[in-house]
2 protein chains.
Amino acid sequence: MRRFLVTGHRATTTGDFRLDDIAGGAGRLDVLVRCVNSAFFLSHSLRDDVELYLVLQGGDDAPKTLRFIGSELRYLNPDERSTSSLIRNALLRKIGEEEVRSSPGIYVSRRSFRQVVDMLAEISELAYLKEDGEDIRGLEVPCDISFVLGDDRDLTPEEEEVLLSHHPRTVCLGPRSLHADHCLIVVHNELDRRQC
Amino acid sequence: MRRFLVTGHRATTTGDFRLDDIAGGAGRLDVLVRCVNSAFFLSHSLRDDVELYLVLQGGDDAPKTLRFIGSELRYLNPDERSTSSLIRNALLRKIGEEEVRSSPGIYVSRRSFRQVVDMLAEISELAYLKEDGEDIRGLEVPCDISFVLGDDRDLTPEEEEVLLSHHPRTVCLGPRSLHADHCLIVVHNELDRRQC
């Protein structure tokens, strides 16, 4: 299983944003929406061996974590607006202690970045996507792996401390610094080639 | 210079579409919009050594070609809606025989797929992105190269005939069939590594 955790440092946690303002009023939710597209879409199907965690840390109800399960996803289209609508529906759900299913393959909870990282560390190896890491092409990694990265901003020192406490591999994807959603595409291509 | 030509088989050529319906009424313009993002965005800058050609073949005013020049681009943001707005502005311009500049780095003309391919063949080597091609990783290609691909549909037999008349390399990107915008990311990563 491939897993990705993308932290949305100021992405809204309330469902009152406008679908035509996801890059502004919703706290760069557009970055995370594009990560959903990158995580799951193949030319004529969805990747069913992928899970994506979006940790939303902006707005009045932070934190919230959206969990996308490739094998269960329905109603997902590649355009930003329709994915934003699915996310808004999830953020409008009332949630307490337990994770809640919003739509097929999309779950919402009050998990924090630390809680998600700790959970992923228990079930898989962790990889920190970072410009000064080891090149993924030369690296042996297990097929069961979780990649952690920031949205349009790097992990904060506090987030980095949480992640580094689990001794992740630090992995880079090439000589240029890429958008988060583009990083997911490069990771997928590399692991596809290894038949992971 | 890296160049990409993406053909939008039913993408609208008139500027009367709604920005919240680019995946429907605008003939899957969303696919092409995402290609703009993939072609140009780096983490904190735009790629200034890239040109993108979108050949729009849908609607009542077909064909039209949008030409994006990385070194001249201004006002480009990564979200789909704002890029769609720039495209709509270009499609609202009155054009005759000559190409017209719509906004910095974005030009619109009445060039057809054949005209664009013929022009690119004069100034660079051509590469046809296709699942049964040679793997890009094992392939020596010049840095001055133009990649040609379809939107959410393969090239038509007629388009393929035009392209093959120029004897392009046929190039694949790995074992999975990818969305057009994802293909651009993988090509970029490979050529970035070669310092092209």
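Model, not experiment: these values are computed from the prediction.

**What to know about empty space enclosed by the protein**
According to the stated counting rule, one finds 4 cavities of 30 Å³ or more in the structure shown. By volume, the largest cavity is sized at about 110 Å³. Those elements that place two or more of their residues in the lining of the largest cavity are helix 1 (29-40) and helix 5 (180-193) of chain A together with helix 1 (29-40) and helix 5 (180-193) of chain B. Here the lining of the largest cavity is composed, by residue class, of 3 nonpolar, 6 polar and 6 charged. Within this model, the second largest cavity holds a volume of roughly 60 Å³. In this structure, the second largest cavity is lined by Ile136, Arg137, Leu173, Val186, Asn189 and Glu190 of chain A together with Arg137, Val186, Asn189, Glu190 and Arg193 of chain B. Of all elements in the fold, only helix 5 of chain A together with helix 5 of chain B reach the threshold of two or more residues within the lining of the second largest cavity. Ranked by residues supplied to the lining of the second largest cavity, first place goes to helix 5 of chain B with 4 residues. By residue class, the composition of the lining of the second largest cavity is 4 nonpolar, 2 polar and 5 charged.

**Description of the sheet that holds strand 2 (residues 50-56) of chain A**
All names here are of chain A. As summarised here, the arrangement of the 8 strands in space is 4-5-3-2-1-7-6-8, forming an open sheet in which the pairing is mixed. The sheet is open, and its two borders are formed by strand 4 (100-103) and strand 8 (169-172), each paired with just one other strand. The average angle at which neighbouring strand axes cross in this sheet is 30 degrees, direction not considered. With 6 bridges connecting them, strand 2 and strand 3 (residues 64-69) associate as antiparallel partners. Counted as the bridge partner of Leu52 is Phe68 from strand 3. Here helix 5 sits on the sheet and contacts strand 1 (2-8), strand 2, strand 6 (125-135) and strand 7 (145-150); the angle it forms with strand 7, its principal contact strand, is near 160 degrees.

Conventions and cut-offs
Residues numbered from 1 in each chain as written. Chains lettered and ligands numbered in written order. Predicted model: local features only at pLDDT ≥ 70, side-chain atom pairs only at ≥ 80, totals over all residues. Heavy atoms only, no water. 1 Å grid on protein atoms, 1.4 Å probe; cavity = no way out; pocket = protein on both sides within 12 Å on 5 of 7 lines; lining within 4 Å. Points joined across faces, edges and corners; volume = space filled by probe spheres on them. Helix = DSSP H or I, 4+ residues; strand = E, 2+ residues; numbered from the N terminus. Nonpolar A, V, L, I, M, F, W, Y, C, P; charged D, E, K, R; others polar. Pairing = 2+ DSSP bridges. Axes fitted to C-alpha atoms, helices over the stretch in contact; angles between N-to-C directions. Contact = heavy atoms within 4.5 Å.

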